[in-house]
Every structure is written in structure tokens, then in C-alpha cells.
Amino acid sequence: MTDDTDPPAESKLTRSKQRWAREGKFLTGKVARPDEQRLPPGQHLTRDWPVLDLGLMPNISQARWRLDVYGAVEQPIYWTWEQFLAQPQTQFVSDIHCVTTWSRYDNQWEGLATRDLLAACQPREDARFVVLHSHDGYTTNLPLEDFAAEDALLAHRWSGQPLEQEHGGPVRLVVPHLYFWKSAKWLQRIEFLTEDAPGYWEVRGYHNRGDPWAEQRYSGD
Ligand SMILES: Nc1nc2c(c(=O)[nH]1)N[C@H]1C(S)=C(S)[C@@H](COP(=O)(O)O)O[C@H]1N2
Ligand SMILES: [Mo]
């Protein structure tokens, strides 16, 4: 296991996002169903792809890159870049929904499906939660069922190109059915837990699960 990185000092955007959580900004109070409405309530479509981070963009070469999977698993993993690429490769097209209200349709991802990762690491029977740890000190938590969604993956390509550094390259998580803050960029470690452990935004006023169609933007929604 590698050392913990502290997240950077709070930026202006980070402070604004905490204020929005306190004020309940952007909430419409509507609930929708993904099979009936592609765009979740309170969201608008964008064609460009905004970059959101804590103000720090880690630069991780493929030579230095490792993936560390540990905790409540039968088979801990410590892969180099070559070992990661040797795993089964899957392509998915999915939509992005950021809690700051932008959505972006039809993103083409390629990488390791989380279901294939789970087959490799074999979560223990008592594993319930997953925490993603990133190179910028960011963390986010998910119930194991959400992490195991059939369209979730550890992406290293987007639109047929290597995933750009600003969007989390070499490797980021993509969990399309939850707000995009759950999709950790610059992925470093994946920790399996028996008890939940809220991450960076989850302890700063954001919802523990983050379902966009139920508008689970903030804690207490
Ligand atoms: N490591 C890390 N992952 C992160 C973040 C971050 O600050 N650090 N921000 C999250 C948020 S709030 C969003 S909306 C998306 C933004 O991804 P993008 O910059 O590729 O659009 O990344 C998520 N994953
Ligand atoms: Mo976000």
C-alpha cells in the first residue's frame, strides 16, 4: 500500500461547492426515471467537456503507475501498467452527469470493466463498500453494488485516444449512473471495506450515494 496524499488546500471552487451544498443550490425537487428521461432533473446539456478537480493535476507516467487493490478481498492486486493492460478490455458509451448541473452525452470509454476487476480480486463475503483513492489526495466511496454496475469501468481511453491527464489519465473510474464526483480521476488505490467511509465530497455536504435521477445532490436530500 502506498502512502496517503493530503488533498490540496481548498480552492475558490471547492469553497463555492461547499456553500452550494449548504444552500441546496440547483435543487428542483423533481424525481425522474432513467428509462423515461435521459437528462436528470436540474441538469443541462453541454457539448464541451468541463474539467473539475481540487486545483491539482497529478502527472503520473505509465512507468510509475501502479494499481493497488486491497482490504476485504481474497486476492489483493498490485498491477503495473503492462499488467493492467493485459486484463480484458471493454468499451462502453455512457452519459456524464456532474452535480454542478452539466451533463454530457455519449462518451466513449475503454478499459477494464469493474466486474472483471471484481472477478480478479474476489471481494470477501463481508465486503460492502469501496473507497477510491487518487493521486491528488481525493477519495470517494461507493456501495459495492454501485461499483459493480454493468457499465462501470476503469477507463484509460476516451473517444479512441488515451485518457487525457486533465480528465484523470492514466486511469480513472467511470460510474455512469451516479453523479460524476463518484468517478475518481488519477486512480491510485481501490480499498474494499466492510463499513462505509465517506470521501472528500461526502464529508463536505454532498450526498453519500449521488443518484442524479433522484437528485441526490447534497447530504440530507
Ligand atoms: N481525483 C479526483 N477525481 C475527481 C475529482 C477530483 O477533484 N479529483 N473531481 C470529481 C468531480 S467533482 C467531477 S465532476 C469529475 C470531473 O471529471 P472531468 O474533469 O473529467 O470532467 O471528476 C471527479 N473525480
Ligand atoms: Mo463535480
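What counts and how
- Residues numbered from 1 in each chain as written.
- Chains lettered and ligands numbered in written order.
- Predicted model: local features only at pLDDT ≥ 70, side-chain atom pairs only at ≥ 80, totals over all residues.
- Heavy atoms only, no water.
- Near = heavy atom within 4 Å.
- Polar contact = N/O pair within 3.5 Å; in protein donor to acceptor, adjacent residues only side chain to side chain.
- Areas by Shrake-Rupley, 256 points an atom, 1.4 Å probe, with all protein chains shown as cover.
- Nonpolar A, V, L, I, M, F, W, Y, C, P; charged D, E, K, R; others polar.
- UniProt positions renumbered as here; feature names shortened; annotations may be inferred.
- Helix = DSSP H or I, 4+ residues; strand = E, 2+ residues; numbered from the N terminus.
- Salt bridge = Lys/Arg side-chain N within 4 Å of Asp/Glu carboxyl O.
- Buried < 20%, exposed > 50% of the residue type's maximum accessible area, 1.4 Å probe, protein only.

- Labelled according to an unreviewed UniProt entry, the chain appears under the name Molybdopterin-binding protein, originating from Bradyrhizobium macuxiense.

## Brief notes about the site of ligand 1
Then, number 1: What surrounds ligand 1 is a group of 21 residues, the closest being Pro 50, Asp 136, His 167, Arg 172 and Lys 185.
Then, number 2: Between ligand 1 and Ser 183, the relevant distance is 3.1 Å, taken from a nitrogen atom to a main-chain nitrogen or oxygen of the residue.
Then, number 3: Here ligand 1 has 530 Å² of accessible area as a free molecule, and 99% of this is covered by the chains.
Then, number 4: Split by residue class, the shell around ligand 1 holds 13 nonpolar, three polar and five charged.

## Points about the UniProt feature "domain: Oxidoreductase molybdopterin-binding" (unreviewed entry) in the chain
Then, number 1: This chain's UniProt record puts "domain: Oxidoreductase molybdopterin-binding" (unreviewed entry) on residues 57–201.
Then, number 2: Along residues 57–201 the backbone is 12% helical and 41% strand, and the end-to-end C-alpha distance reaches 17 Å.

## Some thoughts on the pattern of salt bridges
Then, number 1: According to the stated counting rule, one finds eleven salt bridges in the structure shown.
Then, number 2: Residue Glu 23 pairs with Arg 19 through a salt bridge whose shortest N-O separation is 3.6 Å. Highlighted residues: Glu 23 and Arg 19, both in helix H1 (residues 12–23), separated by four residues, approximately one helical turn.
Then, number 3: Residue class for Glu 23 comes out exposed when judged on its relative accessible area of 51%.
Then, number 4: Relative accessible area serves as the criterion here: at 37%, Arg 19 is assigned to the partly exposed category.
Then, number 5: Among the ionic pairs, Arg 33 bridges to Asp 35, the shortest N-O distance being 2.6 Å.
Then, number 6: Overall, the relative accessible area of 48% leaves Arg 33 in the partly exposed class.
Then, number 7: Assessed through its relative accessible area of 58%, Asp 35 is described here as exposed.
Then, number 8: What emerges from the salt-bridge pattern is a single network uniting Arg 33, Asp 35 and Glu 36.

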